[in-house]
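Structural overview
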Amino acid sequence: MKIQTGRGTIPLITLIAIWSISALTSLPGLAVSPILGDLTKIFPKATDLDIQMLTSLPSLLIIPFILLGGKLTEKVDYVRVLKVGLWLFAASGVLYLISNRMWQLIVVSALLGIGSGLIIPLSTGLVSRYFVGTYRVKQFGLSSAITNFTLVIATAVTGYLAEVSWHLPFLVYLLPLVSILLVGHLKEDRSGEVAFTASSSSATTTTTTTTTTAAANVATANAATVTVPETNSADDSKAARQSAIDIGGSKYGIHIKHLIELMLFYGVITYIVIVVIFNLPFLMEKHHFSSGNSGLMISLFFLAITAPGFCLDKIVGLLKERTKAYSLLSMALGLLLIWIAPIEWLIIPGCILVGLGYGIIQPMLYDKTTQTALPQKTTLALAFVMMMNYLAILLYPFIVDFFQWVFHTQSQEFPFIFNLLITVVTLFWAYRRRHTFLFNDQLK
């Protein structure tokens, strides 16, 4: 079976290999969560610092190694970088299973952060290498859906395994072995371009797509074109694709202003939705709900993030330049329901609305990022944007504590009210600037 990419076809097994990488990006740190409450019993001499390092070290190391992985793809075969990351990831899974001391778990956590950091930018970088236009939007949506669906399933599995033995949740870190078996189907030629089977309409489609994209971008900055000698019609196709990419005259091959806008926006929306994961259990405890109920709400939240990915191209085709504004409106309504509702039948739609809004925006930001950099710089640009997800997660507790101190409150509702205000401000900003690069999501 052949899969259309917008400029040819690839085998189904290649697409499955790409999806398998996406499935791994949600796993770092997941296996520790269900055993956190038992760590002091398992390791009586463990300090609070030890436990904090065990939980936060992977995310801390992921940030620099995401950037390193993105940079390495400029000079090193991306398949080689991917293999190194996958083997380090899988090795951490094996070492977790045989570790019996806290310091060993901490060292292995560092290895996990390094390995996963190397592969995370390639989970989206591979999509940008193989797909263009609406095909790329669709695949970014599916990639996001697979990531979040894997998170839901893996959370349930690790919770069950933790009841059997505290070692068993770490089995999920062996999933990279599946990707290692599939990675051989990801090929690239010496020019750095992936191999396609040409389709009769691919050249025409690509030229049309890139020309319209260039027309949309010319008002904001100067476009730069870099060409690489190829053969026959491939030369025209690649030149057309590169001429469509607006890098604002930057010598770095990346439109710096657009990239910074994407990074900041991604960081803000990630900060907004994290409140559901971090603070909903405490809010529900205040309303005398069980921990099982809060776990169900968070699972529904992640499933809602997953849902838009299966029809993202159709959603964006319908909402166009108002896509992000309507998505932010969905998030605002969801936070409002969670805040004002001490009853489950209002918290449930609240979690779903927040998840749906984020599930639309996240993959569209990845697609926008591919329009800011030349092909050889795309994975690096994606690395900078994806880094903001982990940075927001790390900074969230400190930011919440700071503003609670400023406003002299320890209310469980405060994080939801604060994030709702941020969402409303961002919503008005997105609507007023809906025709700018960052918010105009019309498919080309």
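Use the structure listed above.
The structure contained in this document is the topic of the report that follows. (Residues numbered from 1 in each chain as written. Predicted model: local features only at pLDDT ≥ 70, side-chain atom pairs only at ≥ 80, totals over all residues. Heavy atoms only, no water.)

In an α-helix, one turn spans 3.6 residues; hence positions three or four apart end up facing the same way. The first and last C-alpha atoms of helix 13 (residues 323-340) sit 26 Å apart over 18 residues, in line with the 26 Å expected at 1.5 Å per residue. Elements in contact with the buried residues of helix 13: helix 10 (256-286), helix 12 (312-319), helix 14 (344-370) and helix 16 (414-432). (Helix = DSSP H or I, 4+ residues; strand = E, 2+ residues; numbered from the N terminus. Expected span 1.5 Å × (residues − 1). Contact = heavy atoms within 4.5 Å.)

As a further point, take the side chain of Lys368. Its location among the elements puts Lys368 in helix 14. Engagement of the side chain of Lys368 in a polar contact is seen with the backbone oxygen of Phe437, the distance being 2.8 Å. A polar contact of 2.6 Å, which involves the side chain of Lys368, links it to the backbone oxygen of Asn440. Not counting residues within four places of it along the chain, the set of residues in contact with Lys368 comprises Leu262, Lys324, Phe437, Leu438, Asn440 and Asp441. (Polar contact = N/O pair within 3.5 Å; in protein donor to acceptor, adjacent residues only side chain to side chain.)

Okay, the nonpolar core next. Leu82, Tyr173, Leu186, Ile269 and Leu280 are the most contacted members of the largest nonpolar core, which has 114 residues in total. Per element, the largest residue contribution to this core is 15 residues, and it comes from helix 10. Setting aside anything within four residues of it in sequence, one finds Ile269 in contact with Leu328, Met331, Tyr358, Ile361 and Leu365. With six residues, the next largest nonpolar core counts Val137, Leu312, Val316 and Ile360 among its residues. (Core = buried A, V, L, I, M, F, W, Y, C linked by side-chain atoms within 4.5 Å. Buried < 20%, exposed > 50% of the residue type's maximum accessible area, 1.4 Å probe, protein only.)

A surface patch of nonpolar side chains, amounting to about 520 Å² of accessible area, comprises Tyr326, Leu329, Leu333, Leu336, Trp339 and Ile340. With respect to the element layout, Leu333 can be found in helix 13. (Patch = residues over 30% accessible without salt bridge, like charges linked within 9 Å, V, L, I, M, F, W, Y side chains within 5 Å. Areas by Shrake-Rupley, 256 points an atom, 1.4 Å probe, with all protein chains shown as cover. Salt bridge = Lys/Arg side-chain N within 4 Å of Asp/Glu carboxyl O.)

For any pair of aromatic rings, the description consists of the separation of the ring centres together with the inter-plane angle of the planes. On inspection of all chains with the given rule, the structure shows 18 aromatic pairs. Where Tyr96 meets Tyr173, the ring centres are 5.4 Å apart and the plane angle is 35 degrees; that geometry is what we call tilted. With Tyr96 in helix 4 (residues 78-98) and Tyr173 in the loop between helix 6 (133-164) and helix 7 (176-182), the pair connects residues that are 77 residues apart, well separated along the chain. Neither Tyr96 nor Tyr173 differs from the other in exposure class; each is buried. By the ring-pair criterion, three or more aromatic residues cluster together here, those being Phe402, Phe403, Trp405, Phe407, Phe414 and Phe418. (Phe/Tyr/Trp six-rings, centres within 6.5 Å; stacked < 30°, edge-to-face > 60°.)

What follows concerns the environment of Arg434. Looking at the element boundaries, Arg434 is found in the segment after helix 16. Counting along the chain gives 110 residues from Arg434 to Lys324, while the straight-line C-alpha distance between them is 8.2 Å. Here Arg434 is in contact with Glu321, Arg322, Phe439 and Asn440, once residues within four sequence places are set aside.

Taken by themselves, the reported measurements are silent on function.
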